[in-house]
Amino acid sequence: MYDGLQHICRQHRSDPHPGSKMKNMLKAIAIAATLAVPAVSSAQAFDPSVTLQINTQHLPTPGTGFEGSGNGGGFLANFSLDFPTQAVPATFNNYLVWCIDVTRAVDVPGTYEYQAWTAQAFANSTLGSGKPNNLSTAEMRAVVSMVSILQTNWDIFGADLRADYQGGIWAAFRGELGGIPGTVDYDANASLDDWVVLYNGENQTFLTYVPEPSETALLLIGIAGMAFLVMKRRRLV
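Residues numbered from 1 in each chain as written. Predicted model: local features only at pLDDT ≥ 70, side-chain atom pairs only at ≥ 80, totals over all residues. Heavy atoms only, no water.

**Q** When you look at the packing of aromatic side chains in this model, what are you seeing that I'm missing?
**A** Two numbers describe a pair of aromatic rings. These are the distance of the centres and the angle of the planes. By the definition in use, this model includes 13 aromatic pairs. Centroid distance Phe79 to Tyr95: 6.0 Å. Interplanar angle 85°. Geometry classified as edge-to-face. With Phe79 in strand S3 (residues 72–81) and Tyr95 in strand S4 (residues 90–99), this pair connects stretches of sequence that are 16 residues apart. Taking relative accessible area as the criterion, Phe79 reaches 3% and is therefore assigned buried. Residue class for Tyr95 comes out buried when judged on its relative accessible area of 2%. Against the face of Trp154 rests Arg162, its NZ or CZ located 4.2 Å from the ring centre. (Phe/Tyr/Trp six-rings, centres within 6.5 Å; stacked < 30°, edge-to-face > 60°. Helix = DSSP H or I, 4+ residues; strand = E, 2+ residues; numbered from the N terminus. Buried < 20%, exposed > 50% of the residue type's maximum accessible area, 1.4 Å probe, protein only. Lys NZ or Arg CZ within 6 Å of the ring centre and 35° of its normal.)

This is the structure we're talking about:
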């Protein structure tokens, strides 16, 4: 998959007070346990201010059924996302974002302001394409599935099939599932996890795959860290 280069910045601070390590570890475990409990996706952006610097149109393709609308496809861009579960923003450089709205456009290169939504939260909102269309969860699943398939198989698909998938993406985002070309195969039950919609209602709407650190992994790390500290304290007694 063409997913660009991902650079995630984190801060680490040493604790000058050894006696506070256990307290901090227990706090971290409590936070991780809370994050591990699934929550209902609210219909709001998780990051309301994202500066997107578009560098190049890396994977251009027209869309079947939308002749004369120009090229869609994948763009490489720089941006940062402020995830609620991270202490500092995650930064992505030359990262692939995918054009999903045939009714809107951007200049390349160009810099724009966006909101970042989880795919599920965006589907739960009243937002959508400039057609207009209030995107449903079924339509969002179709878009995510086709973008994923097209990115993964870009080098395998010929120009015609690439255009069919891009046309299908545009059709689904407009609420026209019946307009998806017959050559396109997609998963109607595709997971929306880790897919992010970049939206501002004026310029091109983008979809990108940006997984957060695993909540389960955070929980396991916290438990392992606590066990290590307990064993260390026992050896010192």
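Having seen the model, we can carry on.
**Q** How should I be thinking about the nonpolar core in this particular structure?
**A** Met140, Val143 and Leu207 are the most contacted members of the largest nonpolar core, which totals 32 residues. Mapped onto this core, the elements with two or more residues apiece are S4, helix H2 (119–124), helix H3 (137–152), helix H4 (159–173) and strand S6 (195–199). Leu81, Tyr95, Val102 and Tyr114 belong to the second largest nonpolar core, which has 26 residues in total. (Core = buried A, V, L, I, M, F, W, Y, C linked by side-chain atoms within 4.5 Å.)

**Q** Any chance you could explain the pattern of salt bridges here in plain terms?
**A** Opposite charge on two side chains allows them to pair when their charged atoms are near. If you walk through the whole model with that rule in mind, you get three salt bridges. Among the salt bridges present, the one from Asp101 reaches Arg104, with a minimum N-O distance of 2.7 Å. Per residue, the accessibility class of Asp101 equals that of Arg104, and both read buried. Notably, a salt bridge pairs Glu176 with Lys131, separated by 3.1 Å at the nearest N-O pair. (Salt bridge = Lys/Arg side-chain N within 4 Å of Asp/Glu carboxyl O.)

**Q** How should the environment of Ala171 be read in this particular structure?
**A** Assignment of secondary structure puts Ala171 in helix H4. Residues Ala171 and Asp101, 70 residues apart in the sequence, show an inter-C-alpha distance of 8.7 Å. Every residue in contact with Ala171, bar those within four places of it in the chain, is listed here: Phe66, Glu176, Leu177, Gly179 and Ile180. (Contact = heavy atoms within 4.5 Å.)

**Q** Just checking my understanding: could you explain the pairing of strand S7 (residues 206–209) for this structure?
**A** In regular strands, side chains alternate between the two faces of the sheet. Here S4 pairs with S7 via two bridges, running antiparallel. Across the sheet, the residue bridging to Trp98 is Leu207, located in S7. In the sheet, S6 pairs with S7 via four bridges, with the strands oriented antiparallel. By the bridge assignment, Val196 is partnered in S7 with Thr208. (Pairing = 2+ DSSP bridges.)

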